[in-house]
Amino acid sequence: MTNYKIVVDGSCDLDQETIKKYGLDVVPFYVKFKTDEFLKEGVELEYKKFYQDLVDNPGVFPNSSMPSVLDYEEVFEKYARENISVICLCLTKKFSGSYTSAMNAKTHVLEKFPNVKIEVIDSTLITGALGLLVEEALRLQSEGTSFDELVEKINQTKETGKIFFTTKNLSYLQHGGRIGKVASIIGNWLKISPIITFKEGEIFSSGIAVTRNRSLLKVKETLVHYLNDINANKDDYLIRVGYAYDEEEGKMFLETIKKLLPGYNITTCHIGATICVHTGPHPIGVCILKKMA
């Protein structure tokens, strides 16, 4: 039995069934909308209500806040007191200070419990890609992989994570500082949807489309081009479709991806409030990760 626990921040967008199955500790982000009060995502803030609030209040932008040092410290210390080590995975530090909060918490806890191990990892990933990485880590832990070996495998595997996605409204990306104001104004005026690639902890433009259907088609084309480019074996890669407000659209997109890539392990997730703060209520895309050997 491995004497360590895996911890992750709330940007992983894992479902409650998976969280309960593994007894996973998830340290939530805070989100506020039309109020001065920040609420813990997944604890005090329910994502479907949040989606609806965004749809009902276009032009009103939410805000998010990272988990605090104390939030992480409480989880780390809980296990340190039992002499249980911790591997903590955080979303890309290029997007948030979650990693910094966890590192500071690690320092505080190790001052009191110097004999335990606490490894904080910048996953360089977000949403479903981070969720896949966590699930792979949990799988290897359940198979008896040692603490040090798993840390090494996580750091190797995280580099394979990619996300290809689109959203309807550029204003949220502009509000979050991801694109310029002029580009946002022009894009929204022209009703242009961006095609975005997430890799190496950052977002990059992969083109534009003038309709939602065309943007979804381009996401699929970008995915297939990438898989062909790396000569991917369907047995070696995991794929996760992520979507938010429009469940019907998300499920239809999932079915098209399954038909497009028969034989691949394809799952789905709801993109949470922490990510939708920056994308609005209509992100949809595909996450990819190589399986841990």
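Remember, predicted model here, so these are calculated numbers, not experimental data. For every chain, the first residue of the written sequence is number 1, and numbering continues from 1 onward in sequence order. Restriction of local features to residues with pLDDT of at least 70 applies here, the model being predicted, together with a cutoff of 80 or more for giving and counting side-chain atom pairs; totals for whole chains, interfaces and linings are based on all residues. Processing note: side-chain calculations cover all non-hydrogen atoms of the structure and skip hydrogens and water entirely.

(A) Region of interest: the overall build of the protein chain. The secondary structure content of the protein chain amounts to 11 helices and 13 strands. Here the protein chain has a C-alpha radius of gyration of 19 Å; the compact-globule value for 293 residues is 19 Å, and the two agree. Taking the principal axes of its C-alpha atoms as reference, the protein chain extends roughly 60 × 50 × 30 Å. Burial analysis of the protein chain (293 residues in total) assigns 53% to the buried set. For the protein chain, the share of sequence-separated contacts (at least 6 apart) that also reach a separation of at least 24 residues comes to 76%. Here a helix means four or more residues in a row that DSSP labels H or I, a strand means two or more in a row labelled E, and each is numbered from the N terminus. All radius of gyration figures rest on C-alpha atoms, and the globule criterion is 2.2 Å times the number of residues raised to 0.38. Exposure classes here rest on a 1.4 Å probe applied to the protein chains alone. A residue is buried below 20% of its type maximum, exposed above 50%, and partly exposed in between. Whether two residues are in contact is decided by their heavy atoms, any of which lying within 4.5 Å being enough.

(B) Representation of the side chain of Gln 141. Along the polypeptide, Gln 141 turns up in helix α5 (residues 127–142). Gln 141 sits in the buried class, given a relative accessible area of 15%. Pairs of N or O atoms within 3.5 Å make up the polar contacts considered here, provided that, within protein, one atom can donate a hydrogen while the other can accept it, and that residues adjacent in sequence are counted only when both atoms are side-chain atoms. Within the structure, the side chain of Gln 141 is placed 2.6 Å from the backbone oxygen of Tyr 4, a separation counted as a polar contact.

(C) Seen up close, the packing of helix α9 (residues 212–229) against helix α10 (residues 247–260). Only the contacting stretch of a helix is used when fitting its axis, a line to C-alpha atoms as for every element, and angles between N-to-C directions run 0 to 180 degrees. Direction vectors running N to C along α9 and α10 enclose 35°, while the axes themselves pass 12 Å from each other. Like other packed secondary-structure pairs, α9 and α10 cross with a definite hand, here right-handed. Packed against α9, whose contacting residues are Arg 212, Leu 216, Val 219, Lys 220, Leu 223 and Val 224, the element α10 presents Glu 249, Phe 253, Thr 256, Ile 257 and Leu 260 at the interface. Residue polarity follows a fixed list, in which Ala, Val, Leu, Ile, Met, Phe, Trp, Tyr, Cys and Pro are nonpolar, Asp, Glu, Lys and Arg are charged, and the others, Gly among them, are polar. Residues that form the contact of α9 with α10 fall into these classes: 7 nonpolar, 1 polar and 3 charged. With the far helix as reference, a near helix turned anticlockwise by less than a right angle produces a left-handed crossing, and one turned clockwise produces a right-handed crossing.

(D) Layout of the confidence of the model for the protein chain. The score called pLDDT rates the predictor's confidence residue by residue, from a low of 0 to a high of 100. Chain-level pLDDT for the protein chain is 91 on average; 93% of the residues reach the 70-or-more range. This stretch, residues 180–190, has a pLDDT under 50; its non-local contacts, to residues over four places away or in other chains, come to 12 contacts.

(E) Just helix α6 (residues 147–157), in detail. Looking at α6, one finds that the buried residues are Phe 147, Leu 150, Val 151, Lys 153, Ile 154 and Thr 157. Axial view of α6: buried residues confined to an arc of 165°, hence all on one face. Elements in contact with the buried residues of α6: β1 (4–9), β6 (85–90), β7 (118–122), α5 and β13 (284–290). To obtain the arc, one takes the directions from the helix axis to the C-beta atoms.

(F) Here's a closer look at empty space enclosed by the protein. A 1.4 Å probe that fits into a set of points on a 1 Å grid over the protein atoms alone but cannot get out defines a cavity; an open set with protein on both sides within 12 Å along at least five of seven lines defines a pocket, and lining residues are those with an atom within 4 Å of a point. Grid points are joined across faces, edges and corners, and a volume is the space filled by probe spheres set on the points. Per the counting criterion, the structure on display carries 1 cavity of 30 Å³ or more. In this structure, the largest cavity spans a volume of roughly 90 Å³. Counting residues per element, the ones that place at least two in the lining of the largest cavity are β8 (162–166), α11 (273–279) and β13. No other element matches β13, which puts 4 residues into the lining of the largest cavity. In terms of residue class, the lining of the largest cavity is made up of 9 nonpolar, 4 polar and no charged.

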